[in-house]
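# Coordinates in review
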Number of protein chains: 2
Amino acid sequence: MISTPYLLFLGDAADPLAAKVAQGIKDWRPELCVGQLRLEGCNADMGLEDLSIAEAVARGAKTMVIGVANRGGFISDSWRVVLKQALENGLDLASGLHNLLREEQDLVLVADQNGRSLHDVRIPSVRYPIATGVKRHGKRCLAVGTDCSVGKMYTALCMEKVMRERNMKATFRATGQTGILITGDGVPLDAVIADFMAGSIEYLTPDNDDDHWDLIEGQGSLYHASYSGVTLALVHGGQPDALILCHEPTRDHMRGLPDYQQPSLEELRDTALTLARVVNPDVKVVGISINTAALSPEDAKALCEKTEAEMGLPTVDPFRHGADRLVDALEA
Amino acid sequence: MISTPYLLFLGDAADPLAAKVAQGIKDWRPELCVGQLRLEGCNADMGLEDLSIAEAVARGAKTMVIGVANRGGFISDSWRVVLKQALENGLDLASGLHNLLREEQDLVLVADQNGRSLHDVRIPSVRYPIATGVKRHGKRCLAVGTDCSVGKMYTALCMEKVMRERNMKATFRATGQTGILITGDGVPLDAVIADFMAGSIEYLTPDNDDDHWDLIEGQGSLYHASYSGVTLALVHGGQPDALILCHEPTRDHMRGLPDYQQPSLEELRDTALTLARVVNPDVKVVGISINTAALSPEDAKALCEKTEAEMGLPTVDPFRHGADRLVDALEA
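Residues numbered from 1 in each chain as written. Chains lettered and ligands numbered in written order. Predicted model: local features only at pLDDT ≥ 70, side-chain atom pairs only at ≥ 80, totals over all residues. Heavy atoms only, no water.

As a further point, take the overall build of chain A. When helices and strands are tallied, chain A shows twelve helices and eleven strands. In terms of overall size, chain A behaves like a compact globule, its C-alpha atoms giving a radius of gyration of 20 Å where 332 residues would be expected to give roughly 20 Å. Within chain A, the fraction of its 332 residues that count as buried is 59%. Put simply, 76% of the contacts in chain A that link residues at least 6 apart link residues at least 24 apart. When the accessible surface of chain A is totalled, it reaches about 13400 Å², and 49% of it is carbon and sulfur. Taking the average location of the 32 positive side-chain charges in chain A and that of its 47 negative ones, the two points are 3 Å from each other. (Helix = DSSP H or I, 4+ residues; strand = E, 2+ residues; numbered from the N terminus. Rg over C-alpha atoms; globule rule 2.2 N^0.38 Å. Buried < 20%, exposed > 50% of the residue type's maximum accessible area, 1.4 Å probe, protein only. Contact = heavy atoms within 4.5 Å. Areas by Shrake-Rupley, 256 points an atom, 1.4 Å probe, with all protein chains shown as cover. Lys, Arg positive; Asp, Glu negative; His and termini not counted. Charge placed at Lys NZ, Arg CZ, Asp CG, Glu CD.)

Encoded structure:
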């Protein structure tokens with residue numbers, strides 16, 4: 001569990017896309033952000049106050065989150081100076097980078113000297129159990145996609161936001177690096193050992209109040225040849241009561257797999273339901289989330305209406321139209 | 001890749017079951033076994049000649065395989081003496097134990113001094129790639145089960161034996177620790193990192209002659225809440241042309257999951273086909289393998305006949321009745 005609030009480190013981000021982790025935190029947990037720290041040449045801006053490390057500490061920051069991808073896959077000297085300074089001033093560090101903070105000897109040394117923690121959310125920090133399949137209390141909703149990267153995380157976060165506005169009990173459960181940095185906790189599922197995947201999701205979504213909803217971040221796709229096993233572990237470990245189908249309508253082929261086409265929403269619905277019923281006979285598909293970022297407002301609206309008529313399920317782009325209708329469906 | 005032939009180390013096996021890894025090697029690769037080595041109190045016997053390490057080396061042994069589970073989960077002093085002696089006499093060691101040889105400092109030292117290898121097949125020794133889903137040459141057959149431990153490995157090994165007798169090109173592809181020790185090679189799939197599971201199976205079953213069959217060892221079950229993700233990675237990484245359904249007819253519940261029942265063979269057939277078609281639209285279920293070890297000969301025969309009539313597929317217990325009819329189905 002990462003201590004909050006955060007100072008967001010944007011480094012020398014080449015462009016806004018390089019800082020998408022910081023953007024996610026700013027979009028979904030603005031109350032956790034005391035400010036941003038940018039180096040010379042930074043081309044990203046979260047619209048937060050630019051703070052020195054000392055200023056951030058004075059405002060209560062507990063952790064500096066590396067919210068930017070590093071250039072060239074290594075930690076540059078200009079970053080290193082700032083990271084050490086953060087540790088020396090009492091901040092923990094949190095990172096989703098592929099190269100791990102814990103493998104940088106100088107950072108480990110400074111962290112030890114100052115009693116600080118280095119959080120590498122790329123890899124698990126817990127020994128997860130084998131899944132038991134025992135029925136748990138509380139409700140769970142899982143987003144499943146026709147493909148990878150179709151908006152499953154944003155769908156769950158949009159729904160959580162609406163549910164909290166309605167004073168419903170709801171918790172977004174992160175299963176990927178960005179999600180973990182946004183919420184400060186979660187399971188980096190793609191880095192878990194095969195035998196413990198489903199168990200890690202049971203661990204992430206434990207017994208809860210009967211009227212509490214876990215909104216579980218989806219990963220991969222049951223139809224993605226590279227990652228489908230990860231997805232099925234989510235379905236069986238997550239024991240979902242409700243499924244949301246997620247789709248991106250403009251793909252030529254499955255992400256990273258030029259020879260593969262996305263399944264239809266009907267196919268995804270039937271396959272996901274068949275598999276989810278193994279752990280919960282009462283599971284239902286309650287709605288559809290379409291990522292319409294590449295469409296005009298008119299085309300987005302028309303596609304959602306057409307899909308809704310065809311599938312008989314509330315269909316929205318939750319980021320564009322809000323997630324209210326998906327939450328209505330959960331409540332019904 | 002583990003060097004052969006083997007000396008089978010049976011240690012102080014409490015009973016024959018404790019030496020089931022050695023039994024598997026003896027049953028399926030007798031030509032790889034130069035003999036066995038037993039310690040005082042050993043209650044297992046493979047029917048092989050009892051050899052000293054020096055005798056085994058003289059007969060060409062290259063590796064001593066630990067074919068027995070260790071008592072108490074640690075390597076006892078009586079074992080340690082023999083393991084070191086094997087290394088000093090020029091043998092490699094291979095083990096599927098949970099506690100790793102490579103974590104025993106004295107064994108590592110002796111192995112280094114003598115230029116020998118310690119093979120811990122419990123964990124991967126390869127950095128596997130992400131699966132690409134690219135169609136490969138050659139044919140692949142995968143056993144899928146209604147549950148874990150229903151005879152998938154034995155089914156594949158029985159089929160390989162028949163195919164080799166018929167001079168067909170066939171290779172058993174091990175995906176578990178016992179299978180790896182039997183064949184000297186394979187992927188310990190349950191210990192692979194989630195993102196690389198399907199890729200490890202692509203790596204295990206590469207391009208081959210068009211008339212070559214890989215017989216892929218199954219793992220888990222699509223219906224097993226703890227391990228289903230591992231199974232789906234096998235289906236999508238393995239790109240099977242043929243599926244064999246495996247079943248054990250006397251289970252009260254899914255293995256390790258008291259609240260869960262096995263699916264019917266019809267359910268397994270439909271779900272496995274739907275998922276396997278994602279990577280190979282021409283995949284077929286060609287036969288059924290029933291583990292009848294707990295049934296009388298008459299009941300076994302009657303159950304196979306009944307299942308064959310109901311499912312319209314050749315149905316045998318390959319260990320009891322031979323795998324010929326399953327191989328006939330592959331050829332057809």
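A word on the relation of the copies chain B and chain A. The relation between the two copies of this chain is a rotation about an axis and a shift parallel to it. With an RMSD of 0.0 Å, chain B superimposes on chain A once it is rotated by 180 degrees and translated 0.0 Å along the axis. Such a combination of turn and shift is consistent with a two-fold rotation axis. (Least-squares fit on C-alpha atoms with pLDDT ≥ 70 in both.)

Turning our attention to the side chain of Arg136(B). All names here are of chain B. Considering the arrangement of structural elements, one finds Arg136 in the loop between strand E5 (118–120) and strand E6 (139–145). Buried Arg136, no salt bridge; nearest opposite-charge side chain is Glu202, N-O distance 4.1 Å. Only 2.9 Å separates the side chain of Arg136 from the backbone oxygen of Gly237, close enough to count as a polar contact. With residues up to four places along the chain from it excluded, the contact list for Arg136 reads Ile201, Glu202, Thr205, Pro206, Asp207, Gly237, Gly238 and Gln239. (Salt bridge = Lys/Arg side-chain N within 4 Å of Asp/Glu carboxyl O. Polar contact = N/O pair within 3.5 Å; in protein donor to acceptor, adjacent residues only side chain to side chain.)

For the peptide bond that leads from Thr4(A) to Pro5(A), omega is 5 degrees, which places it in the cis range. With respect to the secondary-structure elements, Pro5(A) resides in the segment before strand E1 (6–11). One non-glycine residue with positive phi stands out, namely Gln239(B), at about 50 degrees. By relative accessible area, which is 1% here, Gln239(B) ends up buried.

On to the confidence of the model for chain A. The predicted coordinates ought not to be read in detail in places where the model reports low pLDDT. Predicted confidence across chain A gives a mean pLDDT of 96, with 100% of residues reaching 70 or more. Predicted complex, confidence summary: ipTM 0.93, pTM 0.94. (pLDDT = per-residue confidence, 0-100.)

Another aspect to go through is the pattern of salt bridges. All names here are of chain A. All chains considered together, the criterion is met by 46 salt bridges over all chains. Of the charged contacts in the structure, one is a salt bridge between Arg38 and Asp45, with a shortest N-O distance of 3.8 Å. Classification of Arg38 by relative accessible area gives partly exposed; the value is 32%. For Asp45, a relative accessible area of 46% gives the class partly exposed. Here the residues in one salt-bridge network are Arg80, Lys84, Glu104 and Asp106, joined through shared partners.

Before going further, it helps to spend a moment on the sheet that holds strand E9 (residues 242–247) of chain A. Strands pair in a sheet through their backbones, by hydrogen bonds, and they do so in one of two ways: parallel or antiparallel. All names here are of chain A. In space, the six strands of this open sheet follow the order E7-E8-E6-E9-E10-E11, with parallel pairing throughout. Bordering the open sheet on either side are strand E7 (169–173) and strand E11 (315–316), each of which pairs with just one other strand. Where E7 meets strand E8 (residues 212–216), five bridges bridge the pair, whose relative direction is parallel. Considered in E8, the bridge of Thr171 is made with Asp214. The sheet strands contacting helix H12 (residues 324–331) are strand E6 (139–145), E8, E9, strand E10 (284–290) and E11, and the helix crosses E10 at an angle near 175 degrees. (Pairing = 2+ DSSP bridges. Axes fitted to C-alpha atoms, helices over the stretch in contact; angles between N-to-C directions.)

What follows is about the interface of chain B and chain A. Between chain B and chain A, the contact holds 35 residues from the first and 35 residues from the second. Counting the surface lost from both chain B and chain A, the interface buries some 2700 Å², and carbon and sulfur atoms represent 60% of this. At the boundary of chain B with chain A, the tally comes to zero salt bridges. The interface formed by chain B and chain A holds ten residue pairs in polar contact (both at pLDDT 80 or more) in total. For the side of chain B that touches chain A, the secondary-structure elements that each account for two or more residues are helix H7 (197–204), helix H8 (228–238) and helix H9 (265–276) of chain B. Per element, the largest residue contribution to the side of chain B that touches chain A is six residues, and it comes from H8(B). When its residues are assigned to classes, the side of chain B that touches chain A shows 22 nonpolar, ten polar and three charged. (Buried area = accessible area lost by both parts, 1.4 Å probe. Nonpolar A, V, L, I, M, F, W, Y, C, P; charged D, E, K, R; others polar.)

Residue and element names in this part refer to chain A. Considered as a void within the structure, the second largest pocket measures approximately 560 Å³ in volume. In terms of lining residues, the second largest pocket is bounded by 30 residues, among which Met1, Ile180, Gly184, Asp185 and Gly186 are the most central. Among the elements of the structure, strand E5 (118–120), helix H5 (152–165), E7, helix H6 (177–183) and helix H7 (197–204) are those that each provide at least two residues to the lining of the second largest pocket. When grouped by side-chain class, the residues that make up the lining of the second largest pocket number 15 nonpolar, seven polar and eight charged. (1 Å grid on protein atoms, 1.4 Å probe; cavity = no way out; pocket = protein on both sides within 12 Å on 5 of 7 lines; lining within 4 Å. Points joined across faces, edges and corners; volume = space filled by probe spheres on them.)

Below, the discussion takes up the sheet that holds strand E7 (residues 169–173) of chain B. Residues and elements named next belong to chain B. Here six strands make up an open sheet; going across it, the order is E7-E8-E6-E9-E10-E11 and the pairing parallel. Across the chains shown, the open sheet's two edge strands, defined by having one partner strand only, are E7 and strand E11 (315–316). Running over the sheet, H9 touches E6, strand E9 (242–247) and strand E10 (284–290) and is turned about 150 degrees from E9.

Under the counting rule described, the total for this entry stands at ten aromatic pairs over all chains. Ring plane angle 75 degrees and centroid distance 5.4 Å describe the contact between Tyr128(B) and Tyr203(B), whose orientation is recorded as edge-to-face. In this pair, Tyr128(B) is assigned in the loop between E5 and E6 and Tyr203(B) in helix H7, connecting sequence segments 75 residues apart. The partly exposed category is assigned to Tyr203(B), whose relative accessible area is 46%. Three or more aromatic residues joined by ring pairs make a cluster, and in this case those are Trp28(A), Tyr154(A) and Phe319(A). (Phe/Tyr/Trp six-rings, centres within 6.5 Å; stacked < 30°, edge-to-face > 60°.)

The next point concerns H5(A). All names here are of chain A. The terminal C-alpha atoms of H5 lie 20 Å apart, and with 14 residues this matches the ideal 20 Å at 1.5 Å per residue to within 8%. Across the 14 residues that make up H5, a large majority, ten, are buried. If you check which residues of H5 are buried, you get Lys152, Met153, Thr155, Ala156, Leu157, Cys158, Met159, Glu160, Val162 and Met163. Taken from the residues just after H5, Asn167 is the one with a positive phi, measuring 60 degrees. (Expected span 1.5 Å × (residues − 1).)

Grouped together as the largest cluster of nonpolar side chains are 80 residues, with contacts concentrated most on Met197(A), Leu243(A), Met197(B) and Leu243(B). Residue contacts for Met197(B): discarding those within four places in its chain leaves Ala194(A), Met197(A), Gly229(A), Val230(A), Leu189(B), Val192(B), Gly229(B), Val230(B) and Ala233(B). (Core = buried A, V, L, I, M, F, W, Y, C linked by side-chain atoms within 4.5 Å.)

This part covers the packing of H5(A) against H12(A). All names here are of chain A. Where H5 contacts H12, the axes come no closer than 9 Å and their chain directions differ by 70 degrees. With respect to their mutual orientation, H5 and H12 come out roughly perpendicular. Between H5, through Thr155, Met159, Val162 and Met163, and H12, the contact on the second element is made entirely by Asp324, Leu326, Val327 and Leu330. Residues that form the contact of H5 with H12 fall into these classes: six nonpolar, one polar and one charged. (Parallel < 35°, antiparallel > 145°, perpendicular 65-115°, else oblique.)

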